[in-house]
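Below are the chains, spelled out letter by letter.
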Amino acid sequence: MKRIQGLCLAGCAALSIASQSVAQGQPVKVGCLYPLTGPAGLFGRDSSVAIQMALVHIRSQKPAGYPELEVIIEDTRSKSLRSEQIARRLIEEEKVDFLCGVVSSSVARAVSAEAARHETFFIGTDHASPTLTTEALNPYYFRMSNGTRQSMLAGAKYIRESYQNPDKPLSIAFIGPDYEYGYQAWDDLREFLRQEGVKFEIAGEYWPRLFETDYSIYIQQLLDSPADIVVNGHWGLDLLTFVKQARLSTLFESTQFMNFDAGGNFEILAELGNDMPLGLVLSARHHVNWPPTDANRTFVDEFYEIAGRYPSYAAQGAYAGILAIAEAVKEASGMSDKEAIRTALENLSLSLPEDPDGFSSVMDPTSHQLLQVQAIGKTIFNKTYKPASVLIGEWSIYYPPQTWPTLDSNPD
């Protein structure tokens, strides 16, 4: 394993970063699992930069007595079996105190199960399936970014406020990836629409495989069964590919396109540039231009200084994960008492770049899900953060419920 002390070099297959500390004793070892290569590699590389930033921030808090952290980052290549093996090695050979990271929800389930078997805390920083905070939840898992359940709750409220037609049901179609993340997002959205009193009909459901390269048949099916709203559940390269192909058709002119979880990721906006359609309803787990706070502007600008690009949403999640670990160990006075660490995580409150003024992200102690504000808006011309020519604006803001939202009935 290649180890580098000090600054993180994005793209390394494995590296170690140590923070300076005022605390005494052995450093707290953190093993992070991210794709650094392959279709989701940007998220891992951005997370590596954000981890560097978090360690610098912790170093600046010397009087607060935060622990020394040693961080190892491994390339999962988005593979479940590989990630499971890496997690086991990090725990058994590297003797890490925490696991962190993971982009794909299916990979996260495998890592979470491995962490639970070894009674090692796993701080999830990117993946979003609600299964990990419900039926698959274990005492060692905590998530530091919005999940799809919170995104879909905000999305249902947005549809009720902006598109509900009292005279007839809305016609809604869904297209998303053929794995747990997509299924859960669609199930949750339907149930929350019912809870919000929105009358709707299902125009169609479409399930391309993960990392699909040709969406033409699905786009044609959406055009053949026109809907008032098409809700898209893709992210990353899949979403980018879909938008590039769909804009060659009349889909965006004939329906209102929405993506409530990862559609507004900056890497999508940056890659499409002038080709990003206007008027799409999108959100993300972190935005470069919202909230308009000093904390968020500083985070985005400092990331740019290090990486030479603006951050994807994954960066803020990784940043939050490292801060959460440091805060929990500090509150527990070290690693000797796992129950004290769990209690600290369950009562966690963090001021993060994505928090609007007057709000701090807080942990729901029952689900181990960090509760955060969701901002939904429409794509408009804005060249503030090049190479993007279009950003999200016309915001609607949704604060989280005091407890993690639940589903009261079967959505089918």
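In this text, all values refer to a predicted model and were calculated from it rather than measured experimentally.

Observations regarding the overall build of the protein
The number of helices and strands found in the protein is twelve helices and 16 strands. In terms of overall size, the protein behaves like a compact globule, its C-alpha atoms giving a radius of gyration of 21 Å where 412 residues would be expected to give roughly 22 Å. With the model as given, the accessible surface of the protein reaches about 15500 Å², and the carbon-plus-sulfur share is 47%. Put simply, the protein has 34 plus and 50 minus side-chain charges, and the middle of one group is 4 Å from the middle of the other.

What about the nonpolar core?
By size, the foremost hydrophobic cluster in this structure holds 88 residues, and its most contacted members are V30, C32, I51, F98, M144, F242 and I322. Looking at which element gives the most residues to this core, the answer is helix α11 (residues 313-331), with 13 residues. Setting aside residues no more than four positions away along its own chain, M144 makes contact with I123, G124, G317, A320, G321, A324, L345, L348, M363, L370 and Q372.

Quick look at helix α3 (residues 105-117)
The terminal C-alpha atoms of α3 lie 18 Å apart, and with 13 residues this matches the ideal 18 Å at 1.5 Å per residue to within 8%. Where α3 is concerned, the buried positions are S105, V107, A108, A110, V111, S112, E114 and A115. Buried residues along α3 sit in contact with β2 (28-34), α2 (80-92), β4 (98-101), β5 (121-124), β6 (141-143) and α5 (180-195). One or two residues past the end of α3 sits E119, with phi positive at roughly 55°.

Things to note about the environment of V362
By the element assignment, V362 lies in strand β13 (residues 361-364). For V362 and R77, which are 285 residues apart along the polypeptide, the C-alpha to C-alpha distance reads 31 Å.

Focus: the environment of F142
Inspection of the secondary structure assignment puts F142 in strand β6. We classify F142 as buried; its relative accessible area is 0%. Distance in space between the C-alpha atoms of F142 and T403 is 15 Å, their sequence separation being 261 residues.

Brief notes about the side chain of E354
Its location among the elements puts E354 in the loop between β12 (349-350) and β13. Buried E354, no salt bridge; nearest opposite-charge side chain is R285, N-O distance 8.2 Å. Side-chain polar atoms of E354 contact the side chain of Q372, separated by 3.4 Å. Dropping the residues within four chain positions of it, E354 is found in contact with N146, R285, H286, W290, P291, Q316, Q372 and V373.

A closer look at the sheet that holds strand β10 (residues 256-259)
Taken together, seven strands build an open sheet; the order of strands is β8-β7-β9-β10-β11-β15-β16 and the sheet is mixed. At either margin of the open sheet sits one strand with a lone partner, and together these are β8 (200-206) and β16 (390-398). Across the sheet, the mean angle separating the axes of adjacent strands is 25° when strand polarity is ignored. Pairing geometry for β10 and strand β11 (residues 281-283), over two bridges, is parallel. Each residue of the ladder has a partner; that of M258, found in β11, is V281. Of the strands in this sheet, β7 (170-175), β9 (229-232), β10, β11, β15 (374-381) and β16 are in contact with helix α4 (residues 148-162), which crosses β15 at around 60°. Along the sheet, helix α7 (residues 236-246) contacts β7, β9 and β10; its crossing angle with β10, the most-contacted strand, is approximately 170°.

Here's the deal with the packing of α11 against helix α12 (residues 338-346)
Across the interface, α11 lies against α12 with an axial gap of 8 Å and an inter-helix angle of 125°. In terms of orientation, α11 lies oblique with respect to α12. Regarding α11 and α12, the two cross each other, and that crossing is right-handed. Side by side, α11 and α12 meet where A324, A328 and E331 of the first sit next to I341, A344 and L345 of the second. Counted by class, the contact of α11 with α12 contains five nonpolar, no polar and one charged residues.

Concerning the pairing of β5
Every second residue of β5 is oriented toward a common face, with F121 and I123 on one face and F122 and G124 on the other, all of them buried. As paired strands, β4 and β5 are joined by four bridges and run parallel to one another. Across the sheet, L99 pairs through a bridge with F122, a residue of β5. Across three bridges, the pairing between β5 and β6 is parallel. Residue F122 lies in a different strand from β6, and its bridge partner there is Y141.

Brief notes about the packing of aromatic side chains
This structure, assessed with the given rule, holds 23 aromatic pairs. Seen from their ring centres, F359 and Y399 are 5.7 Å apart, and the 75° between their planes marks the pair as edge-to-face. Taken together, the residues F359 in the loop between β12 and β13 and Y399 in the segment after β16 connect sequence positions 40 residues apart. Looking at F359, the relative accessible area reads 17%, which means it is buried. Linked through ring pairs, Y215, Y218, F242, F252 and F257 together constitute an aromatic cluster. Over the ring of Y66 we find K330; its NZ or CZ atom is 5.4 Å from the centre of that ring. Here R342 stacks its cationic end above the ring of Y140, 4.7 Å away from the centre of that ring.

Criteria and thresholds
- Residues numbered from 1 in each chain as written.
- Predicted model: local features only at pLDDT ≥ 70, side-chain atom pairs only at ≥ 80, totals over all residues.
- Heavy atoms only, no water.
- Helix = DSSP H or I, 4+ residues; strand = E, 2+ residues; numbered from the N terminus.
- Rg over C-alpha atoms; globule rule 2.2 N^0.38 Å.
- Areas by Shrake-Rupley, 256 points an atom, 1.4 Å probe, with all protein chains shown as cover.
- Lys, Arg positive; Asp, Glu negative; His and termini not counted.
- Charge placed at Lys NZ, Arg CZ, Asp CG, Glu CD.
- Core = buried A, V, L, I, M, F, W, Y, C linked by side-chain atoms within 4.5 Å.
- Buried < 20%, exposed > 50% of the residue type's maximum accessible area, 1.4 Å probe, protein only.
- Contact = heavy atoms within 4.5 Å.
- Expected span 1.5 Å × (residues − 1).
- Salt bridge = Lys/Arg side-chain N within 4 Å of Asp/Glu carboxyl O.
- Polar contact = N/O pair within 3.5 Å; in protein donor to acceptor, adjacent residues only side chain to side chain.
- Pairing = 2+ DSSP bridges.
- Axes fitted to C-alpha atoms, helices over the stretch in contact; angles between N-to-C directions.
- Parallel < 35°, antiparallel > 145°, perpendicular 65-115°, else oblique.
- Left-handed = near helix turned anticlockwise from the far one by under 90°.
- Nonpolar A, V, L, I, M, F, W, Y, C, P; charged D, E, K, R; others polar.
- Phe/Tyr/Trp six-rings, centres within 6.5 Å; stacked < 30°, edge-to-face > 60°.
- Lys NZ or Arg CZ within 6 Å of the ring centre and 35° of its normal.

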